[in-house]
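Listed below, chain by chain, are the residues.
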Amino acid sequence: MGTWSDELIERTKSEAYPGTMMKSLDWNFGMMSKRDSGGIKIVGLKKEYNFPVPSDEVIAEFANIDEMIKAGWVID
C-alpha cells in the first residue's frame, strides 16, 4: 500500500469536516458524516440522479483525525 503526500495529509487535517468527500488508499470512497470529540464517521455513497450522495451505511469509524489518516483516509 502506498501513502499520501504530506500536503494532502495536512489539508485533510484542516479541511475534512462533515460533508467532505473522502478516499482511502485501497480505493474506497465515502463522505465524512461526523467529526467531533466523539470521533469520526465515514459513510458510503450511493448514486441518486447520477450524483454520489451519502448512504446510511457507516464504512469507517475512527477516534480522531490522526487515526483516520493512519488508516489511509484523506480528503478527495
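Look up a bit, the structure's there.
Scoring rules and cut-offs
- Residues numbered from 1 in each chain as written.
- Predicted model: local features only at pLDDT ≥ 70, side-chain atom pairs only at ≥ 80, totals over all residues.
- Heavy atoms only, no water.
- Pairing = 2+ DSSP bridges.
- Helix = DSSP H or I, 4+ residues; strand = E, 2+ residues; numbered from the N terminus.
- Salt bridge = Lys/Arg side-chain N within 4 Å of Asp/Glu carboxyl O.
- Buried < 20%, exposed > 50% of the residue type's maximum accessible area, 1.4 Å probe, protein only.
- Axes fitted to C-alpha atoms, helices over the stretch in contact; angles between N-to-C directions.
- Contact = heavy atoms within 4.5 Å.

A. Summary view of the pairing of strand β4 (residues 51-62). Pairing between strand β3 (residues 39-48) and β4: eight bridges, direction antiparallel. For L45, the partnering residue across the bridge sits in β4 and is P54. Counted between consecutive antiparallel strands, the loop separating β3 from β4 contains two residues, among which Y49 sits at a positive phi close to 55°.

B. Molecular detail of the pattern of salt bridges. In the structure shown here, the tally under the stated rule is five salt bridges. Put simply, E15 and R11 hold a salt bridge, and the shortest N to O gap is 3.0 Å. Highlighted residues: E15 and R11, both in helix α1 (residues 6-15), separated by four residues, approximately one helical turn. Ionic pairing is found between K13 and D66, a salt bridge with its closest N-O pair at 3.6 Å. Here D66 lies in helix α2 (residues 65-70) and K13 lies in helix α1, a separation of 53 residues in the sequence. The exposure class assigned to K13 is partly exposed, which follows from its relative accessible area of 31%. Overall, the relative accessible area of 46% leaves D66 in the partly exposed class. Each of E10, K13 and D66 takes part in a single network of salt bridges with overlapping partners.

C. Fine view of the environment of A71. Note that A71 resides in the loop between α2 and β5 (73-75). Its relative accessible area of 40% is what places A71 among the partly exposed residues. Along the chain, A71 and L25 lie 46 residues apart, while their C-alpha atoms are 8.4 Å from each other.

D. Quick peek at the sheet that holds β5. Strand order in the open sheet formed by five strands is β4-β3-β2-β1-β5, with antiparallel pairing between adjacent strands. The open sheet has two edge strands with one neighbour each: β4 and β5. Between one strand and the next, the sheet's axes are offset by a mean angle of 40°, whatever the strand orientation. For strand β2 (residues 29-36) and β3, the ladder comprises five bridges, and the chain directions are antiparallel. In the sheet register, M31 faces β3, and the bridge partner there is V43. Most of the contacts of α1 go to β5, to which it runs at about 75°, and overall it touches β1 (21-24), β2 and β5.

Limitation: the analysis is restricted to geometry and does not speak to function.
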